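# Architecture and fold: a report
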Amino acid sequence: MPLEASKFKNFDLNYYKDKDDNRRMTAILKLCKEYVINFNPATSSNLLFMGSSGLGKTHLTLAIVSGVIEKGYTPIYGPCENLFSLIEKEKFTGENKGSYDAMINCDLLVLDDLGAEMTTAFSKAALYNLINTRLLCKKPTIINTNLTIKEIETRYSARVASRLIGNYNANK
């Protein structure tokens, strides 16, 4: 989904026919817009978008990324599979030097589609290190996933799930 096409103005709430779904998505859209308006890399919160495919998680986070860029900040966005692959290549082959540091130090990191990547010991460690280091540095992160917290705990670790539960605003 191209960044240019993923704007808040293109997010169609009419897609959500069920009254409760529409009300929930209206609230999430409002939260996302306010997130951009108030974005500050030193004070913005972490967001966790959870739910099945096709709900608009990627669209909304790309709209946030677009808004953050328009405000002059530097976000990094990518599917977890691609970002973990960059980190792995940097660690084991020396390629993509600086990728990990860029993910740690950027103004906003967006990990899209957590759980769609092949889960390995390396990807589990990379995820934990990204989440934990950014928390310690007080840098905001947004994560999109189709997994539940219980599935995240089972697939990655209780430590990862604990950090998400304690430090992320969950939106389902």
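Here's a quick rundown of the structure.

Basis of the calculations
Residues numbered from 1 in each chain as written. Predicted model: local features only at pLDDT ≥ 70, side-chain atom pairs only at ≥ 80, totals over all residues. Heavy atoms only, no water. Helix = DSSP H or I, 4+ residues; strand = E, 2+ residues; numbered from the N terminus. Rg over C-alpha atoms; globule rule 2.2 N^0.38 Å. Buried < 20%, exposed > 50% of the residue type's maximum accessible area, 1.4 Å probe, protein only. Contact = heavy atoms within 4.5 Å. Areas by Shrake-Rupley, 256 points an atom, 1.4 Å probe, with all protein chains shown as cover. Lys, Arg positive; Asp, Glu negative; His and termini not counted. Charge placed at Lys NZ, Arg CZ, Asp CG, Glu CD. Salt bridge = Lys/Arg side-chain N within 4 Å of Asp/Glu carboxyl O. Axes fitted to C-alpha atoms, helices over the stretch in contact; angles between N-to-C directions. Parallel < 35°, antiparallel > 145°, perpendicular 65-115°, else oblique. Nonpolar A, V, L, I, M, F, W, Y, C, P; charged D, E, K, R; others polar.

### Some details on the overall build of the protein
Helix and strand content of the protein: seven helices and five strands. Starting at the N terminus and walking to the C terminus, you meet the elements of the protein as α-β-α-β-α-α-β-α-β-α-α-β. Taking 2.2 N^0.38 as the reference for a compact globule, 172 residues should give roughly 16 Å; the C-alpha atoms of the protein span a radius of gyration of 16 Å, in line with that estimate. Its C-alpha atoms put the protein at 50 × 35 × 25 Å along the principal axes. The buried share among the 172 residues of the protein stands at 44%. For the protein, the share of sequence-separated contacts (at least 6 apart) that also reach a separation of at least 24 residues comes to 78%. When the accessible surface of the protein is summed, it comes to about 8900 Å², and 52% of that surface belongs to carbon and sulfur atoms. Both charge centroids of the protein, one from 22 positive and one from 18 negative side chains, sit 5 Å from each other.

### Re the pattern of salt bridges
Overall, the coordinates contain four salt bridges when judged by the stated rule. With its nearest N and O atoms 2.7 Å apart, the salt bridge here joins aspartate 20 to arginine 23. Taken as a pair, aspartate 20 and arginine 23 lie in helix H1 (residues 19–37) at a separation of three residues, close to a single helical turn. For aspartate 20, a relative accessible area of 47% translates into the label partly exposed. Here arginine 24 and aspartate 21 are joined by a salt bridge, their closest N and O atoms 3.1 Å apart. On the criterion of helical spacing, the pair formed by arginine 24 and aspartate 21 is a turn pair, its members being three residues apart in helix H1. Take arginine 24: its relative accessible area is 34%, and that puts it in the partly exposed class. By relative accessible area, aspartate 21 is classed as partly exposed at 28%.

### Overview of unusual backbone geometry
For aspartate 113, which is not glycine, the phi torsion reads 65 degrees and is therefore positive. Position of aspartate 113 relative to the elements: it lies in strand S3 (residues 108–114). One non-glycine residue, lysine 138, adopts positive backbone phi at about 55 degrees. Tracing the chain through its elements places lysine 138 in the loop between helix H5 (121–136) and strand S4 (141–145).

### Points about the packing of helix H3 (residues 80–93) against H5
One can describe the packing of H3 onto H5 by two numbers: an axis separation of 10 Å at closest approach and a directional angle of 100 degrees. Here H5 runs roughly perpendicular to H3, going by the angle between their axes. The segment H3 lies against H5, with Phe84, Ile87, Glu88, Lys91 and Phe92 engaging Phe122, Ser123, Ala126, Leu127 and Leu130. Class assignment of the residues belonging to the contact of H3 with H5 gives a composition of seven nonpolar, one polar and two charged.

These results come straight from atomic positions and should not be treated as a statement about function.
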